[in-house]
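Chain by chain, the residues:
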Amino acid sequence: MITTEQKKFEEIEQMTKGYNRLLVLGCETCSAMSFAGGQRQVSELAVALRIARKTAAQEGEILEDAVARQCEPEFVDLLMDIVADCDAVLSLACGAGVQMLAERFPDKIILPGCNTMFLGVTEEFGVWSESCAGCGSCILDKTGGLCPIARCSKRLFNGPCGGSQNGKCEINPNVDCVWQLIYDRLKGLNQLEKLEEIFPIKDWSSSFHGGTRKIVREDLKL
Amino acid sequence: MKSGSNLEKILASGQFAVTAECGPPKGVSAKAIQRKGDLLKFHCDALNVTDNQTAIVRMSSLSGCVLLQQMGVEPVMQMVVRDRNRLAIQSDILGAVALGIRNVLCLSGDHQKFGNHPGAKGVYDIDSIQLIQTLKLMRDEKKFLSGEDISGEIPLFIGAAANPFADPFEFRAVRLAKKVKAGADFIQTQAIFDVPKFARWMEMVRDRGLDKKVHILAGVIPVKSVGMARYMKNNVSGLSVPKELVDRMADAKDAKEEGVNTCLEIIEQIKEIDGVHGVHIMAVAWEDIVPSIVDKAGLMPRPIV
Ligand code: SF4
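These numbers come from a predicted model, not from an experiment. (Residues numbered from 1 in each chain as written. Chains lettered and ligands numbered in written order. Predicted model: local features only at pLDDT ≥ 70, side-chain atom pairs only at ≥ 80, totals over all residues. Heavy atoms only, no water.)

K.L.:
Explain the overall build of chain B to me, and be specific about the residues and the numbers.
P.N.:
A count of helices and strands for chain B gives 11 helices and 8 strands. The C-alpha atoms of chain B give a radius of gyration of 18 Å, which matches the 19 Å a tight globule of 305 residues would have. With the principal axes as the frame, chain B shows a C-alpha extent of 60 × 45 × 45 Å. Here chain B holds 305 residues, and 57% of them are scored as buried. When contacts within chain B are restricted to residue pairs at least 6 apart in sequence, long-range pairs at least 24 apart make up 78% of them. A total of about 12300 Å² of accessible surface is found on chain B, and carbon and sulfur atoms cover 52% of it. Seen as two clouds, the 39 positive and the 36 negative side-chain charges of chain B have centres 3 Å apart. (Helix = DSSP H or I, 4+ residues; strand = E, 2+ residues; numbered from the N terminus. Rg over C-alpha atoms; globule rule 2.2 N^0.38 Å. Buried < 20%, exposed > 50% of the residue type's maximum accessible area, 1.4 Å probe, protein only. Contact = heavy atoms within 4.5 Å. Areas by Shrake-Rupley, 256 points an atom, 1.4 Å probe, with all protein chains shown as cover. Lys, Arg positive; Asp, Glu negative; His and termini not counted. Charge placed at Lys NZ, Arg CZ, Asp CG, Glu CD.)

Next comes the structure, spelled out in structure tokens:
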């Protein structure tokens with residue numbers, strides 16, 4: 001999933017000031033799973049904004065809504081009427097959702113209420129961690145199913161580096177050294193010989209470094 | 001000879017080599033480097049010029065190397081992959097070779113988080129082992145990573161680091177083997193305080209026959225104070241500082257003298273370990289002590305090759 005974190009309330013308050021009719025718009029997929037931008041967080045944020053505005057004797061109305069996925073035009077287009085009825089939209093989706101709104105509503109102010117964090121997993125309730133860098137050419141077959149690009153602080157392909165200690169990464173004793181995890185896993189799988197080979201230099205052109213990416217599937221186009 | 005550098009010649013002739021670290025200034029003073037060069041030139045075979053060490057911005061390693069070179073002191077240019085992509089790496093190597101640099105030490109570099117620009121973007125386009133491969137390709141095949149030809153020779157003596165004290169311990173000799181396979185000619189290790197553990201690592205290194213394929217220079221740090229010993233024990237990842245050393249420093253009347261003595265004892269012990277071909281002295285902010293350490297360790301005079 002794409003993980004998001006709601007921005008600090010002060011930042012949101014500052015950003016939305018002056019837009020009298022403000023629509024707080026949630027996204028029911030990843031941002032809801034992140035407990036940052038689902039229907040429930042929309043309601044909580046709307047209440048907080050109403051109170052803040054009332055205290056500051058500021059006028060205006062806070063509207064609320066949420067869609068299944070802000071990253072898909074079919075869902076976003078359903079919002080035509082309510083968006084037309086407000087001055088600005090505060091999106092609680094990831095950055096992709098924010099941009100889909102900006103594209104579909106060219107004359108509307110669209111504001112981000114969340115910071116998009118990473119592609120990750122839920123470790124336990126309330127804890128998410130980064131696990132995929134979206135590099136465009138997966139190498140997990142060679143690294144025991146654990147990704148050094150997303151999870152090694154130095155993106156080493158031939159780790160662990162000299163800073164790996166007691167299973168932790170040199171940058172933070174709370175962060176696992178993914179290369180230690182890779183070592184342990186390959187050892188358990190009887191595949192340690194994989195780590196004797198030098199991992200070749202990566203072609204980053206399939207990742208962001210090749211320029212903005214797009215997927216076109218002719219077979220699916222209508 | 002791959003590079004014809006002084007360091008390479010000394011190691012090739014089977015003599016015990018001595019290198020030391022020479023950190024460039026946080027400013028533009030050529031004198032800061034020249035002073036260290038003057039101080040160390042008769043006692044060391046080559047001086048490592050660090051590359052934004054601990055991710056703190058300093059004068060570039062290449063410029064520091066040139067300043068040493070101009071005064072007849074042989075440098076080892078340290079190069080980290082944290083700050084440059086493959087384009088910058090290869091072009092810096094071309095420039096370094098043109099300026100007469102022959103020894104390069106390939107490193108990943110301390111994470112930018114530790115330095116004075118923690119908000120910097122870390123490059124890490126290739127890793128340190130791939131950097132070794134890159135230099136070998138440039139030297140032996142006269143090719144860029146793109147496959148295109150390089151005009152001219154790239155006579156380099158390629159170095160790499162090794163940390164016998166990092167985890168997982170059993171993998172450390174394997175990782176060294178990868179560096180050797182990638183093309184490392186010499187190794188400078190992390191500072192050794194725990195000699196028995198280092199000796200165990202060297203045993204694994206010898207079992208794989210690596211000591212015959214690469215020259216290993218054992219790293220040492222003279223410790224100046226009990227505070228420094230404690231700091232290294234508790235705060236520097238990848239260092240193994242035994243409690244006894246800290247206690248010894250704490251009990252000593254003259255901590256500096258004790259630090260020198262411990263360092264000399266460690267050098268004495270590692271000299272006896274099969275496969276160790278030299279010592280690399282990292283006297284961070286205490287370079288003045290290096291000549292007397294080299295002297296007292298019986299490593300003078302330095303060979304002329
Ligand atoms: S300690 Fe492990 S995760 Fe951290 S930079 Fe080194 S290899 Fe990567």
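K.L.:
An account of the environment of Asn 115 of chain A is needed here, citing residue identities and associated values.
P.N.:
All names here are of chain A. Note that Asn 115 resides in strand β6 (residues 114–124). Counting along the chain gives 112 residues from Asn 115 to Thr 3, while the straight-line C-alpha distance between them is 8.8 Å. Discounting chain neighbours no more than four positions away, the residues touching Asn 115 are Thr 3, Thr 4, Glu 5 and Lys 7. Among the polar contacts made by the side chain of Asn 115, one reaches the side chain of Lys 7 at a distance of 2.8 Å. (Polar contact = N/O pair within 3.5 Å; in protein donor to acceptor, adjacent residues only side chain to side chain.)

K.L.:
Got a sec to walk through the packing of helix α2 (residues 30–40) of chain B against helix α3 (residues 61–70) of chain B? Specific residues and values, please.
P.N.:
All names here are of chain B. Put simply, α2 and α3 touch, their axes get as near as 9 Å, and they point 55° apart. Regarding the angle of α2 to α3, the classification is oblique. Once α2 is placed against α3, the crossing between them reads as right-handed. Note on element contacts: α3 touches α2 through Gly 64, Leu 67 and Leu 68, opposite Ala 30, Ile 33, Gln 34 and Gly 37. Considered class by class, the residues forming the contact of α2 with α3 number 4 nonpolar, 3 polar and no charged. (Axes fitted to C-alpha atoms, helices over the stretch in contact; angles between N-to-C directions. Parallel < 35°, antiparallel > 145°, perpendicular 65-115°, else oblique. Left-handed = near helix turned anticlockwise from the far one by under 90°. Nonpolar A, V, L, I, M, F, W, Y, C, P; charged D, E, K, R; others polar.)

K.L.:
Can you explain the interface of chain A and chain B? Please cite residues and give values.
P.N.:
Counting from both sides, the interface comprises 29 residues of chain A and, opposite them, 35 residues of chain B. Here chain A packs against chain B, burying approximately 2800 Å² in sum over the two surfaces, 48% of which is carbon and sulfur. Considering only the side of chain A, the residues that lose the most area to chain B are Lys 154, Ile 198 and Ile 201 of chain A, jointly responsible for 23% of the buried surface there. Counting the contacts that link chain A with chain B gives 3 salt bridges. The partner of Lys 181 of chain B in a salt bridge is Glu 197 of chain A, and the shortest N-O contact between them spans 3.9 Å. Its residues placed into classes, the side of chain A that touches chain B shows 12 nonpolar, 10 polar and 7 charged. (Buried area = accessible area lost by both parts, 1.4 Å probe. Salt bridge = Lys/Arg side-chain N within 4 Å of Asp/Glu carboxyl O.)

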